[in-house]
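Survey of secondary and tertiary structure
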Amino acid sequence: MFLVTGATGNVGAEVVSALAKAGEPVRALVRRPDAALPDGAEAALGDLNDPGSLGDALKGVDGVFLLAGYHDMPGMLARAREAGVRRIVLLSGGSAALAKMDNAVSAYMTLAERAVRESGLEWTFLRPRAFMSNALRWLPQLREGDTVRAQFPEVPVACIDPADIAAVAVRALAGGHEGRIHELTGPVALRPADQVAVLAEVLGRDLEFVGLSDEETRAELEASMPREYVEAFWDFYVGGTLDEATVYPTVAEVTGRQPGTFAGWAAAHADAFR
Ligand SMILES: NC(=O)c1ccc[n+]([C@@H]2O[C@H](COP(=O)([O-])OP(=O)(O)OC[C@H]3O[C@@H](n4cnc5c(N)ncnc54)[C@H](OP(=O)(O)O)[C@@H]3O)[C@@H](O)[C@H]2O)c1
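In short, a report on the structure. (Residues numbered from 1 in each chain as written. Predicted model: local features only at pLDDT ≥ 70, side-chain atom pairs only at ≥ 80, totals over all residues. Heavy atoms only, no water.)

1. Things to note about the pairing of strand β7 (residues 147-150)
What counts, and what does not: With a 1.4 Å probe rolled over the protein chains alone, any residue whose accessible area is under 20% of its type maximum counts as buried; one over 50% counts as exposed, and the rest are partly exposed. Strands here are runs of E lasting at least two residues and helices are runs of H or I lasting at least four, both read from the DSSP assignment and numbered beginning at the N terminus. In short, DSSP must find at least two bridges between two strands for them to pair.
Of the two faces of β7, the one lined by V148 and A150 is fully buried and the one lined by T147 and R149 carries no buried residue. Looking at chain direction, β7 and strand β9 (residues 208-211) are connected through four bridges and run parallel. Its bridge partner lying in β9, R149 is registered against V210.

2. Re the nonpolar core
As a rule of thumb, nonpolar side chains are buried together in soluble globular proteins. Applied cut-off: Residue types Ala, Val, Leu, Ile, Met, Phe, Trp, Tyr and Cys, when buried and joined through side-chain atoms within 4.5 Å, form a set referred to as a nonpolar core. Should any heavy atoms of two residues lie within 4.5 Å, those residues are considered in contact.
V64, L66, M73, L77, I88 and L90 are the most contacted members of the largest nonpolar core, which has 30 residues in total. If you list the elements that add at least two residues to this core, you get α2 (55-58), β4 (63-67), α3 (73-82), β5 (87-91), α4 (104-117), β6 (122-128) and α9 (227-237). The greatest single-element share of this core, amounting to five residues, is contributed by α4. Those residues in contact with L90 that sit more than four places away from it in its chain are L66, L67, A68, M73, A112, E113, V116, T124, F125 and L126. The next biggest cluster of nonpolar side chains, apart from the first, holds 26 residues, and it includes W138, V157, W234 and F273.

3. Considerations on empty space enclosed by the protein
Keep this limit in mind: Cavity: a set of points on a 1 Å grid over the protein atoms alone where a 1.4 Å probe fits but cannot get out. Pocket: an open set with protein on both sides within 12 Å along at least five of seven lines, its lining residues, like those of a cavity, having an atom within 4 Å of a point. Grid points are joined across faces, edges and corners, and a volume is the space filled by probe spheres set on the points. All amino acids are sorted into three groups, where Ala, Val, Leu, Ile, Met, Phe, Trp, Tyr, Cys and Pro are nonpolar, Asp, Glu, Lys and Arg are charged, and the leftover types, Gly among them, are polar.
In total, this model carries one cavity of 30 Å³ or more according to the counting rule given. In this structure, the largest cavity spans a volume of roughly 60 Å³. If you trace the largest cavity, you find it lined by L3, T5, L29, L48, L54, L58, V64, L66, M76, L77, A80 and I88. Elements supplying a minimum of two residues to the lining of the largest cavity: β4 and α3. Broken down by element, the residue count for the lining of the largest cavity peaks at three residues, all from α3. Grouping the constituent residues of the lining of the largest cavity by class yields 11 nonpolar, one polar and no charged.

4. Side note on the pattern of salt bridges
This is how the line gets drawn: In what follows, salt bridge is the name for a side-chain nitrogen of Lys or Arg lying within 4 Å of a carboxyl oxygen of Asp or Glu.
Inspection of every chain in the model, using the stated rule, returns 18 salt bridges. A salt bridge links D34 to R32, with the nearest nitrogen and oxygen atoms 3.3 Å apart. Exposure remark for D34: the relative accessible area of 60% places this residue in the exposed category. On the accessibility criterion, R32 (48% relative accessible area) is partly exposed. With a closest N to O distance of 3.2 Å, R218 and E231 form a salt bridge. Of this pair, R218 sits in helix α8 (residues 214-224) while E231 sits in helix α9, and the two are 13 residues apart along the sequence. Judged by relative accessible area, which is 33%, E231 ranks as partly exposed. Through salt bridges that share partners, R86, R87, E122 and E178 make up one connected network.

5. Looking at the site of the ligand
Note the cut-off: Nearness is judged by heavy atoms alone; a residue qualifies as near a molecule or strand once a single heavy atom is within 4 Å of it. Definition of a polar contact: a pair of N or O atoms within 3.5 Å, with one able to donate and the other able to accept a hydrogen when the atoms are protein atoms, and with sequence-neighbouring residues admitted only if both atoms are side-chain atoms. The Shrake-Rupley method, run with a 1.4 Å probe sphere, supplies the accessible areas, and residue values consider only the shown protein chains as cover.
Looking at the ligand, there are 22 residues lining it, with T8, R31, D47, L48 and Y108 nearest. Here G6 contributes a backbone N or O atom positioned 3.3 Å from an oxygen atom of the ligand. Considering the ligand on its own, with 920 Å² of exposed area, one finds that the protein chains cover 75% of that surface. Those elements giving two or more residues to the shell around the ligand turn out to be α1 (10-21) and α4. Partitioned by chemical class, the residues of the shell around the ligand number 11 nonpolar, seven polar and four charged.

Okay, here's the thing in structure tokens:
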């Protein structure tokens, strides 16, 4: 049995679907009993910030697909080990490699990886770069009109389809990837304007791209997240501490097929943009 955390999210839902399609027994950790899940998964209630709530979810589980950044990762991993879990596949990120403890995002990724390493469980770390699904942030603008105003317009990212992260996760959960760190990207680095051009093509809409200035970007970030995360993204994308442009061959190496393109992701999610 595999337990998938974040099962209602962009990556976790893909992991649940992929496991179910492969005929694997899969349990989805959810915080609400009415959470919508892909077919083929049983639901278990629990909160990652409350390890004591995970008892039922962990019963009979061999491997956990785990998100990073929760309050008591060592406590949660100890519960998992006591429950008989053997293997953790951790969804981390590129900034874990920086181990920058003065950067809130890098710090939570680093601490999560450390907790997993120290748990005594078998582990695999997935370090994807920016997700293609981050483009869903533009939905409110696209519902309002045909102009997309984007943050950090000069920053290229080798964005990855969450389904490809899931495909690698499924292989890691099956075993043979213990102690490995998988740096995961899509096939090519794109700037926000490139992504908007692809969206325009796929959606058959004439979209205008506007790059936000640093001041506008900061104001938008401050309105949407705590200050420590604003500073973290500023450090990554204005300070240039995080390289998200380098393309890695890992998805193809692990899955035997090329990673999906942004056009493919956009086509698969076109309905969400309409
Ligand atoms: N976006 C990127 O570019 C990027 C890049 C590298 C790494 N990452 C990492 O990837 C992670 C997952 O991304 P995503 O896009 O799949 O996330 P997402 O779509 O925002 O979904 C987050 C998931 O986590 C669940 N969750 C949140 N708090 C929880 C809690 N306390 N206990 C149990 N479940 C909880 C949510 O469940 P509910 O339905 O109950 O809210 C949801 O299923 C991010 O959090 C980040 O750490 C992201």
